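Chain by chain, the residues:
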Amino acid sequence: MTLEQAQALDAADPLGGYRAQFMCPDGVIYLDGNSLGQLPLSTVTAGTELLNHAWGQRLIRSWNEGWIDAPQRVGAMIAPLIGADADEVISADSTSVNLYKLIVAALRLNPSRNVVVSEAGNFPTDLHIAEGAVAAVAGAELRVVERGALADALGDDTALLLLTHVHYKTAERFDMAGWTKAAHDAGALICWDLSHSAGAVAVELNAAGADMAVGCGYKYLNGGPGAPAFLYVARRWQEQMHNPLSGWMGHAAPFEFADGYEAAAGMTRWLTGTPSVLGLNALENGLKLWADIDIRQVEAKSAALWDIFHAAGTAAGLECVTPSTPSQRGSHIAFRHSHAYEIVQALIAQGVIGDFRDPDILRFGLTPLTLSHADIWRAGENLRAIVESGAYRQPEFAIRNAVT
Ligand SMILES: *Cc1c(COP(=O)(O)O)cnc(C)c1O
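The structure presented is a predicted model; accordingly, all values stated were derived computationally and were not measured.

Caption draft 1: View of the packing of helix 4 (residues 95-109) against helix 5 (residues 124-135). Packing of helix 4 against helix 5 brings their axes to within 9 Å, and their N-to-C directions diverge by 40°. Overall, the two elements helix 4 and helix 5 adopt an arrangement that is oblique. Of the two elements, helix 4 crosses helix 5, and the hand of that crossing is right-handed. Between helix 4, through S96, L99, Y100, I103, V104 and L107, and helix 5, the contact on the second element is made entirely by T125, D126, I129, A130, G132, A133 and V134. The residue inventory of the contact of helix 4 with helix 5, partitioned by class, reads 9 nonpolar, 3 polar and 1 charged.

Caption draft 2: Structural context of helix 9 (residues 277-288). The end-to-end C-alpha separation of helix 9 is 16 Å, in line with the 16 Å expected for 12 residues at 1.5 Å each. In terms of burial, helix 9 is a largely internal element, 10 of the 12 residues being buried. Taken together, the buried positions of helix 9 are V277, G279, L280, N281, A282, L283, E284, N285, G286 and L287. Looking at the packing, one finds that the buried side of helix 9 touches helix 2 (41-55), helix 3 (70-78) and strand 2 (89-92).

Caption draft 3: The arrangement of the domain arrangement of the protein chain in detail. Once the domains are mapped, the protein chain shows domain 1 (3-30 + 294-398) and domain 2 (47-291). The C-alpha-based centres of domain 1 and domain 2 are spaced at 30 Å. Among the residues domain 1 hides against domain 2, the three largest losses belong to I295, E299 and H332. Together they make up 24% of the total. Between R173 and E299 there is a salt bridge, with the nearest N and O atoms lying 3.8 Å from each other. Of all the elements in the fold, those that place two or more residues in the side of domain 1 that touches domain 2 are helix 10 (295-315), strand 10 (332-336) and strand 13 (361-365). Looking at the side of domain 1 that touches domain 2, the element that brings in the most residues is helix 10, giving 4 residues. Grouping the constituent residues of the side of domain 1 that touches domain 2 by class yields 11 nonpolar, 8 polar and 6 charged.

Caption draft 4: Seen up close, the sheet that holds strand 9 (residues 319-320). With antiparallel pairing, 4 strands are arranged side by side in an open sheet as 9-10-13-12. Looking at which strands have only one partner, the edges of the open sheet turn out to be strand 9 and strand 12 (355-357). Both strand 9 and strand 10 contribute to a ladder of 2 bridges, which runs antiparallel. Bridging from a neighbouring strand, E319 pairs with R336 of strand 10. Helix 10 contacts strand 9, strand 10 and strand 13 of the sheet and is inclined by roughly 10° relative to strand 10.

Caption draft 5: Expanded view of empty space enclosed by the protein. A complete count under the given rule lists 1 cavity of 30 Å³ or more for this structure. Of the volumes computed, that of the largest cavity is approximately 80 Å³. In terms of lining, the largest cavity is formed by 13 residues, of which the most central are Y220, N222, W290, T367 and L369. Among the residues making up the lining of the largest cavity, the classes are represented as 6 nonpolar, 7 polar and no charged. Each of domain 1 (3-30 + 294-398) and domain 2 (47-291) gives at least three residues to the lining of the largest cavity.

Caption draft 6: Representation of the sheet that holds strand 6 (residues 189-193) within the structure. As summarised here, the arrangement of the 7 strands in space is 2-8-7-6-5-3-4, forming an open sheet in which the pairing is mixed. Each edge of the sheet is formed by a strand with only one pairing partner; in this case those strands are strand 2 and strand 4 (141-145). Taking the axes of each pair of neighbouring strands and ignoring which way they run, one obtains an average angle of 20° across the sheet. Strand direction decides the pairing type here: strand 3 (residues 115-119) and strand 5 (residues 158-164), joined by 4 bridges, are parallel. Opposite S118, over in strand 5, you have L162 as the bridge partner. In this fold helix 7 (residues 176-185) packs onto strand 5 and strand 6, with an angle of close to 150° to the strand it touches most, strand 6.

Caption draft 7: The arrangement of the environment of S94 in detail. By the secondary structure assignment, S94 is in the loop between strand 2 and helix 4. Given the relative accessible area of 31%, S94 is considered partly exposed. Along the sequence, S94 and G215 sit 121 residues apart, while their C-alpha atoms lie 8.5 Å from each other. Only 3.2 Å separates the side chain of S94 from the backbone nitrogen of V97, close enough to count as a polar contact.

Caption draft 8: Structural context of the site of the ligand. Inspection of the region around the ligand gives 13 residues, with S96, D193, H196, Y218 and K219 positioned closest. The contact in question runs from a nitrogen atom of the ligand to an N or O atom on the side chain of D193, over 2.8 Å. Here K219 contributes a side-chain N or O atom positioned 2.6 Å from an oxygen atom of the ligand. Look at the ligand: alone it shows 390 Å² of surface, and the protein chains cover 87% of it. Listed by contribution, the elements that provide at least two residues to the shell around the ligand are helix 4 and helix 5. Counted by class, the shell around the ligand contains 3 nonpolar, 7 polar and 3 charged residues.

About the criteria used
- Residues numbered from 1 in each chain as written.
- Predicted model: local features only at pLDDT ≥ 70, side-chain atom pairs only at ≥ 80, totals over all residues.
- Heavy atoms only, no water.
- Axes fitted to C-alpha atoms, helices over the stretch in contact; angles between N-to-C directions.
- Helix = DSSP H or I, 4+ residues; strand = E, 2+ residues; numbered from the N terminus.
- Parallel < 35°, antiparallel > 145°, perpendicular 65-115°, else oblique.
- Left-handed = near helix turned anticlockwise from the far one by under 90°.
- Contact = heavy atoms within 4.5 Å.
- Nonpolar A, V, L, I, M, F, W, Y, C, P; charged D, E, K, R; others polar.
- Expected span 1.5 Å × (residues − 1).
- Buried < 20%, exposed > 50% of the residue type's maximum accessible area, 1.4 Å probe, protein only.
- Domains from an automatic or database assignment.
- Buried area = accessible area lost by both parts, 1.4 Å probe.
- Salt bridge = Lys/Arg side-chain N within 4 Å of Asp/Glu carboxyl O.
- Pairing = 2+ DSSP bridges.
- 1 Å grid on protein atoms, 1.4 Å probe; cavity = no way out; pocket = protein on both sides within 12 Å on 5 of 7 lines; lining within 4 Å.
- Points joined across faces, edges and corners; volume = space filled by probe spheres on them.
- Polar contact = N/O pair within 3.5 Å; in protein donor to acceptor, adjacent residues only side chain to side chain.
- Near = heavy atom within 4 Å.
- Areas by Shrake-Rupley, 256 points an atom, 1.4 Å probe, with all protein chains shown as cover.

Here you go:
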């Protein structure tokens, strides 16, 4: 591929117009939208309005002017992106906290089964939270196995299979329908972590028959740093499953100030405390951009960007660890190299921002709304030049930052 060919793809790109709706810093090619999505310009306007008017002027009256039902409203906006109905999704807390709530609830739903199965090398918080969640339920335990051993790990004792749909390092994607069926065939429930899927690939929770899911607001959904996360519970479970973090915002009538807890109907029971209005406002604005987007176009462009960057990385001699079949991966690409950290730092010094995942992974998010084919071509040239010249060997690139 030449730069001219990449530019020709840009000229015909149906998503090319979205870039102008985001703040794009000069001199930066941002390949980390899978970790912190870019800032939509409308979020600046909406945030200023929220501060000056809704908070500044309307003060507590704003709770009745759109704040109190923001978790449900934002959840309904996420629903079409994950193949759910509007009343099956709510925005709340962090992905970690939502995982805790759902894992404990799933274990309590079926006390005759006591094992949570998950994958070794899953995103750390998923395993850490699962460890804490099983410790909170008498007799429960966590079984963590390699991907190839997952099917055999499901049995009569399995209450829940907890899987991350798109792997945070390799971008490998599980077959959602197939693994949901495998869990159900074993008599278990399934919970999907969609942190690297929502806004990246087409997700069909209901078509797959999934039971529960969680996901992140600050990655492909552009909700801002630490944005509220979301959770999904299939309608058939909603009245039977209970939030172990029973708080007043999940109560059927919070403003009756009763001593006893009575769960709200539907997804509202998954709230715990007062929602983060500033965070929800930013997430809602990120999601507004998604209303008219065809995820199939996003997937197709992601695949085209992937091909360009993959060619550059492999030409530089890097080993690609991401599946080459588009339907088997998410929207990032990862390479392995013994000097991965230094190469990423050298790229960042040139304005090409990707990230490093311990111990040897270079990871690059390919976000079709904000990146052009020419961006990816140029970033690929930077990568190739840095690896081939050995420019990453300068000592300053080896200094480890707290966030990699
Ligand atoms: C990013 C990510 C999370 C993040 O969890 P937080 O509670 O927001 O820190 C969780 N799981 C996966 C798979 C992720 O990729």
